[in-house]
Amino acid sequence: MTTRKSRVLIIGAGAAGIAAATRLLAGGIDNVLMLEAEDRIGGRIHSVGFDGSLVDLGAEWCHGEKGNIVFDMVKHLNLLEKSFHDYTNDTFCISDGTIIKNSMKDLIELADDIFYNGTASGDVGDTLGDYFNHEYKKRVGDMFPENRDRSNMTEMLLDWFHKSYLDLVPAKTWFEVSMMGHRRYKKCEGYLYWQWKKKGYLTILHVLMKKNPDAAQQLPIDDKILLNKEVNRIEWDRDDGVIVGCSDGSWYQTDHVIVTVSLGVLKSLGHLFTPKLPLFKQDAINLIGMGTVAKILLKFPVKWWPDDVAGFSFLWTKTDRNNLLKEFPYGPSDHGKSWLEDIYGFYVVDSHPTVLLGWNVGKMVEQVEHLADHILIEGCIFLLKKFLGHRYNVTYPNGLLRSKWKTNPHFNGSYAYQSLEAERRNVSREDLERPVCDSDGKPVLLFAGEATHSKFYATVHGAIETGFNEADRILEIYKNN
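Below is a short write-up of the structure.

The rules behind each value
Residues numbered from 1 in each chain as written. Predicted model: local features only at pLDDT ≥ 70, side-chain atom pairs only at ≥ 80, totals over all residues. Heavy atoms only, no water. Helix = DSSP H or I, 4+ residues; strand = E, 2+ residues; numbered from the N terminus. Rg over C-alpha atoms; globule rule 2.2 N^0.38 Å. Buried < 20%, exposed > 50% of the residue type's maximum accessible area, 1.4 Å probe, protein only. Contact = heavy atoms within 4.5 Å. 1 Å grid on protein atoms, 1.4 Å probe; cavity = no way out; pocket = protein on both sides within 12 Å on 5 of 7 lines; lining within 4 Å. Points joined across faces, edges and corners; volume = space filled by probe spheres on them. Nonpolar A, V, L, I, M, F, W, Y, C, P; charged D, E, K, R; others polar. Pairing = 2+ DSSP bridges. Axes fitted to C-alpha atoms, helices over the stretch in contact; angles between N-to-C directions. Core = buried A, V, L, I, M, F, W, Y, C linked by side-chain atoms within 4.5 Å. Expected span 1.5 Å × (residues − 1). Phe/Tyr/Trp six-rings, centres within 6.5 Å; stacked < 30°, edge-to-face > 60°.

**Remarks on the overall build of the protein**
For step 1, the next point in the chain: For the protein, the helix and strand inventory stands at 15 helices and 24 strands.
For step 2, the next point in the chain: The C-alpha atoms of the protein give 23 Å as radius of gyration, which agrees with the globular expectation for 481 residues (23 Å, within 12%).
For step 3, the next point in the chain: The C-alpha extent of the protein, read off along each of the three principal axes, is 70 × 55 × 45 Å.
For step 4, the next point in the chain: Expressed as a percentage of the 481 residues in the protein, the buried residues total 58%.
For step 5, the next point in the chain: When contacts within the protein are restricted to residue pairs at least 6 apart in sequence, long-range pairs at least 24 apart make up 75% of them.

**A closer look at the layout of surface pockets**
For step 1, the next point in the chain: In this structure, the second largest pocket encloses a volume near 350 Å³.
For step 2, the next point in the chain: Every residue lining the second largest pocket is counted, 19 residues in all, and those nearest its centre are D159, H162, T173, F175 and K337.
For step 3, the next point in the chain: A total of five residues in the lining of the second largest pocket trace back to one element, the largest contributor, which is helix α5 (residues 148-165).
For step 4, the next point in the chain: A per-class count over the lining of the second largest pocket returns five nonpolar, four polar and ten charged.

**Here we look at the pairing of strand β6 (residues 91-94)**
Residues in a regular strand point their side chains to alternate faces of the sheet.
For step 1, the next point in the chain: Of the two faces of β6, the one carrying T91 and C93 and the one carrying F92 and I94 are both buried.
For step 2, the next point in the chain: In sequence, β6 turns back onto strand β7 (residues 99-101) through a hairpin of four residues, with G97 there showing a positive phi of about 105 degrees.
For step 3, the next point in the chain: Taken together, the four bridges between β6 and strand β16 (residues 311-315) define a ladder with parallel strand orientation. Pairing of I94 across the sheet is with L315, part of β16.

**A look at the sheet that holds β16**
For step 1, the next point in the chain: What the seven strands build is an open sheet, ordered β7-β6-β16-β19-β20-β15-β21; its pairing is mixed. Across the chains shown, the open sheet's two edge strands, defined by having one partner strand only, are β7 and β21 (399-402). With direction set aside, neighbouring strand axes in the sheet form an average angle of 20 degrees.
For step 2, the next point in the chain: Across five bridges, the pairing between strand β19 (residues 343-349) and strand β20 (residues 352-360) is antiparallel.

**Some words on the nonpolar core**
For step 1, the next point in the chain: Counting residues in hydrophobic clusters, the biggest one holds 83 residues, and the most contacted among them are F132, W304, L384 and L388.
For step 2, the next point in the chain: Considering each element in turn, this core owes the most residues, ten residues, to helix α12 (residues 373-388).
For step 3, the next point in the chain: Ignoring anything within four residues of it in the chain, the contact list for L384 reads L298, F300, W304, F314, F346, G389 and V394.

**Thoughts on the environment of E421**
For step 1, the next point in the chain: For E421, the location among the structural elements is in helix α13 (residues 420-424).
For step 2, the next point in the chain: You can call E421 partly exposed: its relative accessible area is 37%.

**A few points about the environment of L79**
For step 1, the next point in the chain: With respect to the helices and strands, L79 occurs in the loop between α2 (69-74) and β5 (81-82).
For step 2, the next point in the chain: By relative accessible area, which is 9% here, L79 ends up buried.
For step 3, the next point in the chain: Spatially, the C-alpha atom of L79 lies 38 Å from that of G129, the residues being 50 residues apart in sequence.
For step 4, the next point in the chain: The contact partners of L79, leaving out residues within four places of it in the chain, are V74, Q195, W196, K197, T203, V207 and N212.

**Quick notes on α12**
For an α-helix the count is 3.6 residues per turn, leaving residues at separations of three or four pointing the same way.
For step 1, the next point in the chain: Spanning 16 residues, α12 covers 22 Å between terminal C-alpha atoms, matching the ideal 22 Å at 1.5 Å per step.
For step 2, the next point in the chain: Burial of α12 is extensive: twelve of the 16 residues sit out of reach of the surface.
For step 3, the next point in the chain: Buried residues of α12: I375, L376, I377, G379, C380, I381, F382, L383, L384, K386, F387 and L388, and no others.

**Remarks on the packing of aromatic side chains**
For step 1, the next point in the chain: What the rule picks out here adds up to 33 aromatic pairs.
For step 2, the next point in the chain: When the ring of F314 is compared with that of F346, the centres are 6.1 Å apart and the planes differ by 50 degrees; the resulting orientation is tilted. With a gap of 32 residues between them, F314 in strand β16 and F346 in strand β19 connect regions that are remote in the sequence.
For step 3, the next point in the chain: Assessed through its relative accessible area of 1%, F314 is described here as buried.
For step 4, the next point in the chain: For F346, a relative accessible area of 0% corresponds to the buried category.
For step 5, the next point in the chain: Geometrically, the ring pair formed by F328 and W339 is edge-to-face, given 6.5 Å between the ring centres and 65 degrees between the ring planes. Of this pair, F328 sits in the loop between α10 (318-327) and β17 (333-334) while W339 sits in the loop between β18 (337-338) and β19, and the two are eleven residues apart along the sequence.

**Concerning empty space enclosed by the protein**
For step 1, the next point in the chain: Using the criterion set out here, one finds four cavities of 30 Å³ or more in the structure.
For step 2, the next point in the chain: Each pocket or cavity is described by its volume, and for the largest cavity that value is around 160 Å³.
For step 3, the next point in the chain: Looking at the largest cavity, it is lined by 16 residues, and the ones nearest its centre are L54, D56, E60, V349 and S351.
For step 4, the next point in the chain: Those elements that provide at least two residues to the lining of the largest cavity are β4 (53-56) and β15 (294-299).
For step 5, the next point in the chain: Ranked by residue count, the leading element in the lining of the largest cavity is β4, at three residues.
For step 6, the next point in the chain: The residue inventory of the lining of the largest cavity, partitioned by class, reads seven nonpolar, three polar and six charged.
For step 7, the next point in the chain: V261, L266, A448, A451 and T452 are the residues nearest the centre of the second largest cavity, which is lined by 13 residues in total.
For step 8, the next point in the chain: A per-class count over the lining of the second largest cavity returns eight nonpolar, three polar and two charged.

**Focus: helix α1 (residues 15-26)**
For step 1, the next point in the chain: Over its twelve residues, α1 extends 16 Å from the first C-alpha to the last, a length consistent with the 16 Å expected when each residue adds 1.5 Å.
For step 2, the next point in the chain: Of all twelve residues in α1, ten are buried, a share of seventy percent or more.
For step 3, the next point in the chain: Taken together, the buried positions of α1 are A15, A16, G17, I18, A19, A20, A21, T22, L24 and L25.
For step 4, the next point in the chain: In this structure, the buried residues of α1 make contact with β1 (3-11), β2 (32-35), α7 (203-208), β9 (225-226), β12 (251-259) and α15 (460-477).

Spelled out as structure tokens, the structure:
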């Protein structure tokens, strides 16, 4: 067979892969090759054109400042600006037509404090859901001991908090998420909604490759990236290095492989490695959670919502929830629950004035990804009219973009979370990150990507850090050569 040789082969040209490649090139190792299964770079950074402006189907915000490597790389380049909208003051809409604006901030702050700063207690269960429910009800009861109307509202909010936090820990339910594991996640201090001035998160890749701010200084990386290269075999325990095969019949020989594919891909391709990976690595891949959230972007002919609204968050009454499948019987359901319940709101998009972004989470995301476009649109318009139609003239959209991270086999999910089973089995992200070495102790399989970061998992800044770390590991081997 004909093979192409390299010192380092990187599988995946997302944030971690690009970061690793640029670090190696800057460190003097230029015999680098990257294999990317998609027809584009970026991975789960996916900035696409939508009626003249870029929108992000994947990563969107630069979340936080202190300790955020993305923010540190671009803060002096005038590439970021704060969102035009205040997402801390949501407009909450009840399914009976009631709209509540700017009056939930105390409860949202309480919920965020529990979610980010809570400390698990053994007597309330092991899951994030157990802990949050216990702590939320206790603290709300202390805040509003005699206010029955407020109590009813807090129950509806509890359901919304469950769904909105599944954006951050994308399990099917928060009762699958380890509370102790979740505590290891660190939110970077500072402003959370830095946006990319209508240029999309793809901007960070150009910064990594040094195409921005001065294209004359760019690293020689473009000709090292091979697109449409779907890896289907990695033979790693050989005397002549590592052999990597692709579904198009091409083969590549290398000394080191940095695997940056998503955890979802590793889960679905257990046959990829020959011989099988060590047991510690298999357990990490199998037990750490990988979930999916979906974006639904609707473009309208005109902006029918007011300028001072950042979005609409949906709260369901028990009666309306029970009647939902009768009112809109199309699409998937689960034990009498409609898929529409798991679209927890629609929010404005900085890069386009006539686009609303809907978030879909929970158990039925994969089924929703299979829905025909017209059913998806009809369901979304049903929701918007039910919650807002009495107050606004909700028009029919003239454009749709949607993410399909779960049903794309090159991703098989959105990002990772710490599952309860991984916690119980004492399986950590350090196991996922630890390299696999040959008989001489040389790391031949290295692993990077958001899922391998111990505290910044599910983030771009976490993915970039891991790419740098694995490149540094290789550079250390050859620093005296």
